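Structural features, examined
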Amino acid sequence: MTAAELRQNAPHINFIKTKHLVERPNIALLKEAFIPDDDMPSFPEEIKKNTRIFPLSVTAYPSVLRRMTAMEAGAWAITKCHEQHWPMELDNFQCCLANLEMDF
């Protein structure tokens, strides 16, 4: 799955680059830590009830996020979770990305 396919198939899912790890789902903390990306130049302002924002920290995945946008990394993690039949949860996405980080 590509980032464009993720946007088309699941527009309510947003992966964003952050300056540091954001552990609590808090919009103010996410906005403060947000780093603009090629395919996400500004913080997703239209947040609805089913919108999901998954923060990916550049301190946790420096090599991955140097090579990919957060949406590309998220799409890759979703693909890997789907292949493994894992639930689509942040912990599982982080596990996939940590393995990719080690590979890089």
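Residues numbered from 1 in each chain as written. Predicted model: local features only at pLDDT ≥ 70, side-chain atom pairs only at ≥ 80, totals over all residues. Heavy atoms only, no water.

1. Focus on the confidence of the model for the protein chain
What counts is decided by this rule: Confidence of the predictor at the level of single residues is captured by pLDDT, which takes values from 0 to 100. The helix count covers DSSP runs of H or I at least four residues long, the strand count covers runs of E at least two residues long, and both are numbered beginning at the N terminus.
The predicted model of the protein chain averages 91 in pLDDT, with 99% of residues at 70 or higher. Across the protein chain, element-level confidence peaks in helix α3 (residues 62–67) with a mean pLDDT of 96 and bottoms out in helix α1 (residues 3–9) with 90.

2. Considering the sheet that holds strand β3 (residues 52–57)
Inclusion rule: By the convention used here, strands pair only if DSSP detects at least 2 bridges between them. Residue contacts are counted whenever heavy atoms from the two residues lie within 4.5 Å of one another. Note on definitions: angles span 0 to 180 degrees between N-to-C directions of axes, and those axes are lines fitted to C-alpha atoms, for helices only across the stretch in contact.
What the three strands build is an open sheet, ordered β2-β1-β3; its pairing is mixed. Lying at the two open borders of the sheet, with one neighbouring strand each, are β2 (34–35) and β3. The strands touched by helix α4 (residues 70–84) are β1 (13–18) and β3; relative to β1, the strand with the most contacts, the crossing angle is about 125°.

3. Quick look at the nonpolar core
Defined as follows: Only buried residues count toward a nonpolar core. Its members are Ala, Val, Leu, Ile, Met, Phe, Trp, Tyr and Cys residues joined through side-chain atoms within 4.5 Å. Exposure categories follow from relative accessible area, calculated using a 1.4 Å probe and restricted to protein chains: below 20% of the type maximum is buried, above 50% is exposed, and the middle band is partly exposed.
Leu6, Phe15, Leu56, Val64 and Leu97 are the most contacted members of the largest nonpolar core, which has 30 residues in total. For this core, the secondary-structure elements that each account for two or more residues are α1, β1, α2 (27–33), β3, α3, α4 and α5 (90–103). If one sorts the elements of this core by residue count, α4 sits on top with seven residues. Once residues within four sequence positions are removed from consideration, Leu6 is found in contact with Met1, Pro11, Ile13, Phe15, Met71, Ala75 and Ile78.

4. Comments concerning the environment of Ile47
Here Ile47 shows up in the loop between β2 and β3. Leaving out residues up to four positions away in the same chain, Ile47 has contacts with Ile27 and Ile53.

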